[in-house]
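# Tertiary structure, described
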Amino acid sequence: MGAAKRIKADLVNFAHSYSRSRIGLFFGLAFPVILILLFGAIFSGSGSASTVYVQNLDNGPVGSLFVQTLNGTGVLHIDLVPSSQNFSQYLLSNSASDGLVIPSNFSAAYQADDHVNVTEYWNPSSSTSEGIYIVTTGVLNAFNLQKANGTAVLGVQTQTIKSSSYTYIDFLIPGMIGFAILVSPMFAITNISAQYKRDKIFKQLSLTPLTKTDWLIAKIGFYIVLTFASFLLMSAFGIFAFGAHITFTPWIIPFLLIGPFLFVSLGMLVGTVSTSVESAAVVGNLITFPMMFLSGTFFPVSTMPAYLQNVAHVLPLFYVIEGLNNVMIYGNNGAALQDLAVLIVISLVIFALAVRFFKWRED
Amino acid sequence: MPAIEVSGLKKAYGSLQAVDSISFTIDKGEVFSLLGPNGAGKTTTIEILEGLRERDAGDVKVLGMDPWKQGGELHKKIGVIPQGFTFLPYITPKEAVNYYANLFDVKVDADQILRTVLLEDSKSSYFMKLSGGQKQKMGLALSLVNRPDFVFLDEPTTGLDPQARRAVWDVIRNLKKEGISVMLTTHYLEEAEELADRVAIMNKGKIITAGSPAQIIAEYGSGEKIRVRGDEDLAEFLRTQTGLQVAFVDGVVVVTLKAKGDTLAVLQAIGKSGMEWSDLTIRNDSLEDVFVRLIGSKLDEGQTAGAS
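Report follows, based on the coordinates. Going along each chain's sequence as written, the residues are numbered from 1 onward. Chain labels run from A onward and ligand labels from 1 onward, assigned in the order the entries are written. Restriction of local features to residues with pLDDT of at least 70 applies here, the model being predicted, together with a cutoff of 80 or more for giving and counting side-chain atom pairs; totals for whole chains, interfaces and linings are based on all residues.

## A short note on the overall build of chain B
Helix and strand counts for chain B come out as eleven helices and 13 strands. By its C-alpha atoms, chain B is 75 × 45 × 35 Å across when sized along the principal axes. The exposure scheme places C-beta atoms from the backbone and then counts, for each residue, the other C-beta atoms within 10 Å of its own, assigning buried at 20 or more, exposed at 12 or fewer, and partly exposed in between. Residues counted as buried form 42% of the 308 residues belonging to chain B. Numbering goes from the N terminus for both helices and strands, where a helix is a DSSP run of H or I of at least four residues and a strand is a run of E of at least two.

## Points about the packing of helix H2 (residues 22-43) of chain A against helix H7 (residues 168-198) of chain A
Residue and element names in this part refer to chain A. Every axis in this analysis is a line fitted to C-alpha atoms, fitted for helices over the stretch in contact. Angles between the N-to-C directions lie between 0 and 180 degrees. At their nearest, the axes of H2 and H7 sit 10 Å apart, and the two run at 155° to each other. By the angle between their axes, H2 is roughly antiparallel relative to H7. With respect to the hand of their crossing, H2 and H7 are arranged in right-handed fashion. Residues Gly 24, Phe 27, Gly 28, Pro 32, Leu 35, Ile 36, Phe 39, Gly 40 and Phe 43 of H2 pack against Tyr 168, Ile 169, Leu 172, Met 176, Phe 179, Ala 180, Val 183, Ser 184, Phe 187 and Ala 188 of H7. Of the residues that constitute the contact of H2 with H7, the class distribution is 15 nonpolar, four polar and no charged. Roughly parallel here means an angle under 35 degrees, roughly antiparallel means over 145, roughly perpendicular means 65 to 115, and every remaining angle is called oblique. The sense of a crossing depends on the near helix, which, turned anticlockwise from the far helix by less than a right angle, makes the crossing left-handed and, turned clockwise, makes it right-handed. A pair of residues counts as a contact when their C-beta atoms, built from backbone coordinates, are separated by no more than 7 Å. Residue type decides the class: Asp, Glu, Lys and Arg count as charged, Ala, Val, Leu, Ile, Met, Phe, Trp, Tyr, Cys and Pro as nonpolar, and the leftover types, Gly among them, as polar.

## Remarks on the environment of A:Ala241
Structurally, A:Ala241 can be placed in helix H9 (residues 212-242). With 205 residues separating them along the chain, A:Ala241 and A:Ile36 place their C-alpha atoms 9.5 Å apart.

## A word on the interface of chain A and chain B
Counting from both sides, the interface comprises 21 residues of chain A and, opposite them, 20 residues of chain B. At the level of elements, helix H1 (2-19) and helix H8 (201-206) of chain A are the ones that each hand at least two residues to the side of chain A that touches chain B. With seven residues, H1(A) is the single largest residue contributor to the side of chain A that touches chain B.

## What about the sheet that holds strand S1 (residues 4-13) of chain B?
Residue and element names in this part refer to chain B. We call two strands paired when DSSP finds no fewer than two bridges between them. Pairing within the open sheet is antiparallel, and its three strands lie in the order S2-S1-S4. The sheet is open, and its two borders are formed by strand S2 (16-26) and strand S4 (57-62), each paired with just one other strand. Direction aside, neighbouring strands of the sheet carry axes that sit 25° apart on average. Across the face of the sheet, helix H1 (residues 42-50) comes into contact with S1, S2 and S4 while running at roughly 120° to S1.

## Observations regarding unusual backbone geometry
In the Ramachandran plot, A:Lys200 falls in the positive-phi region, its phi being about 60° despite a non-glycine side chain. Relative to the helices and strands, A:Lys200 is located in the loop between H7 and H8. The class for A:Lys200 is partly exposed, based on 17 C-beta atoms found within 10 Å. One non-glycine residue, B:Lys204, adopts positive backbone phi at about 50°. As for its placement among the helices and strands, B:Lys204 is situated in the loop between strand S8 (198-203) and strand S9 (206-211).

## Here we look at the sheet that holds strand S13 (residues 278-283) of chain B
Residue and element names in this part refer to chain B. The four strands lie next to each other as S11-S12-S10-S13, forming an open sheet whose pairing is antiparallel. For this open sheet the edge positions go to strand S11 (245-249) and S13, each flanked by a neighbour on one side alone. Here the average twist between neighbouring strands, direction ignored, is 15°. Pairing between strand S10 (residues 225-229) and strand S12 (residues 252-256): five bridges, direction antiparallel. From the neighbouring strand, Val 228 faces S12, where its bridge partner is Val 253. Packing against the sheet, helix H9 (residues 232-242) makes contact with S11 and S12, and its axis sits at approximately 175° to S11.

Dropping the structure here:
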């Protein structure tokens, strides 16, 4: 009874303190919303056609037909470059990544069954170049087939894994929820615990019946509430701004509970073993940023090199995001249970370490 | 039974012996002040008594309890303001008092407590907006929430302006009136002289002397002196007339008095001399004068932010 009352008193006090500080509110609620708006805008359907600059030097009709067909695919936006221009110079001065040059003998070679190449200019670091290459070769193959009087026998029909109406943003949402679960408590608690230590507020609190476990549980309780609020806010903005499809299943709830438990404890551990507020921030960032990028928040872990995938498997955030993907996208609740089991073990260990190393009385 | 009994207390940080075998007692209802320059070991001593630090050796009993082993029990009966008290920036004094009341599971009238520490006018301002003196008063208010029998105040007025310091003094006097024992560390000597029933002077981990301010001044002071502005002839005249020790420094004649009747004898001699004189004062040593003699340096030299 006594502990429950103390935890409640500390939670209420912390909530007052938190809700009056704009920085706390920004990271807790505004930041996840900004994130979803930003990513939604970047990846939403409209304007997704890649621009490609095309210089048609062909003297015959096939070059123009090829350009028309490319345009007809609807995935490329064609920008024609006059044949008088120096093409590579033109690309550079327009800061453009992708370009195609159709040679002057294109029609002649096509009609004479001679081999001829179109040249693709590309930027190895640009994600659009690969897509343009695939589209270009696809169209060229169609021309080759036509020339050989063949008929396409095999084809591909595409459909997203969940339902045909799902869009890219829907697949991003579990990652972004994981991101919010990580960032908000990690940054805040690392900072708060280092500050409380510097300002001797822990020492002050140690002179009351409040225990360090009470204190930590109150913070976990607060961040669970905040995490539910930011989950609902992110979902609402995703739905109303981008028409996102979010699977609301009760299976999400355990992840919204265990996530804050884990990262409040981890933040506490980092803050309490650091000797100053500044070093706590550095150590906190050293842990948070790699975890943020390597756990599948913004890009799937499966696209990373094998050794990085191994690293991802020891990061707790990986299991949060994998678990959320399992329940929200694949509906694979059995796999989610495994993720949950891993998370519970990691969380209990980190919680125990945080309580153990958290010095309440002496410096 | 005294409120606090300390004997042979020792604490070292590495090779630094911060507290070196000190012993003292504090009676119930007493205001006891621990004086000393920075680094003397005052805060280490007070934190050991509060149960915030573990001692290396010695016996310590606070309200009959071992502060390190029985900290949880003890903290229900004592109030503490740590040195440089700070709190959460966005919490008001009234909220803080209610927060503490919930932690201690006691019912309090927050307004009443804030009235006691003269902070009622600012009870709804955020901690970060309070002045230095108001912050200390909020610390005092928090230390009173659990109705303590004993209050520890570690440099409660350091860095405060004279007006704020006097306000804190008023609060400490009120505590004494209510029968609460107080242990106060300070490096303002007039604060100890003003408030404390007994003081202990601490330097380099040891207690040099302890007793009431009057006792210490009587024991270590140089006695009562008459100072009068005049010339060297007046000094010579007084020396021959009274037979007392007379010094002449920078246009001031200083006569050291030995017995009660000496005062009148010196005044009569001045009148008889018919010489020019002015600015006559009779003054005993202050605690500060004694302190300078004992420690060999000024107590708050170059280390205080506020006026002294």
